[in-house]
Amino acid sequence: MTKEIVAVEFIMKTYDTSKMDMWSKEQWNEWVGEPDGNTGIQILLINDNEFHLKVMGIYYNEETKEMFFGFDAQNKLDRNINIQFNEWKIDESTFNLSYEEPHYLKKCSEVRGFQKSVERTYLESWDSIIIEINLLDAETNLIIREFEFQIEKRLVQVF
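Rules used in this analysis
- Residues numbered from 1 in each chain as written.
- Predicted model: local features only at pLDDT ≥ 70, side-chain atom pairs only at ≥ 80, totals over all residues.
- Heavy atoms only, no water.
- Helix = DSSP H or I, 4+ residues; strand = E, 2+ residues; numbered from the N terminus.
- Buried < 20%, exposed > 50% of the residue type's maximum accessible area, 1.4 Å probe, protein only.
- Contact = heavy atoms within 4.5 Å.
- Areas by Shrake-Rupley, 256 points an atom, 1.4 Å probe, with all protein chains shown as cover.
- Lys, Arg positive; Asp, Glu negative; His and termini not counted.
- Charge placed at Lys NZ, Arg CZ, Asp CG, Glu CD.
- Phe/Tyr/Trp six-rings, centres within 6.5 Å; stacked < 30°, edge-to-face > 60°.
- Pairing = 2+ DSSP bridges.
- Axes fitted to C-alpha atoms, helices over the stretch in contact; angles between N-to-C directions.

The helix and strand tally for the protein stands at one helix and ten strands. By principal-axis analysis of the C-alpha atoms, the protein measures approximately 60 × 30 × 30 Å. Expressed as a percentage of the 159 residues in the protein, the buried residues total 39%. Sequence separation of at least 24 residues holds for 63% of the intrachain contacts in the protein that already meet a minimum separation of 6. Summed over all atoms, the accessible surface of the protein reaches about 9,700 Å², with 47% contributed by carbon and sulfur. Distance between charge centres in the protein, computed from 17 positive and 30 negative side chains, equals 3 Å.

This is the structure:
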């Protein structure tokens, strides 16, 4: 079985706040945004006829020193699966999540949310994340598909 490598570019808008005094009304409106328009970080990793996986948010808990990833997942197959997270690389740090309990999804499931975390603080920003996962048949634990999601953050200065 060949590992599917999926490259994803996450574009993050930045603004030169040192020039705020020269911003137009339209620029201010874009920077402030709509009250209900803040969707945070959402990164679609895969959505095909078998599987859907999307990062719905990344946040930090400074008390526990954890970096949390919220995921939405959907099993579109006609059999129950387990999502087994393996090695994660965030910039130069490597995390082995293969010892953790897999996330179970029923066959033909609805979109379900869940979280995973690694030990990392908000002071350790990120530019690149690699997430390796296996989709396993829930009854046999045999690998159905292998993925490596390569997420690159690209900063784009709007104004």
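Okay, back to it.
Counted under the stated rule, the structure contains 14 aromatic pairs. Centroid distance Phe85 to Trp88: 5.7 Å. Interplanar angle 65°. Geometry classified as edge-to-face. Accessibility classification places Phe85 together with Trp88 in one group, the buried group. In this structure an aromatic cluster arises from ring pairing among Phe69, Phe71, Phe85, Trp88 and Phe114.

Here we come to the sheet that holds strand β4 (residues 66-75). With respect to topology, four strands assemble into an open sheet ordered β2-β3-β4-β8, the strand pairing being antiparallel. Of all the strands in the sheet, the pair left with one neighbour each is β2 (43-47) and β8 (112-119). Here the average twist between neighbouring strands, direction ignored, is 25°. Where β2 meets strand β3 (residues 51-61), four bridges bridge the pair, whose relative direction is antiparallel. Within the sheet, the bridge partner assigned to Leu44 lies in β3 and is Lys54.

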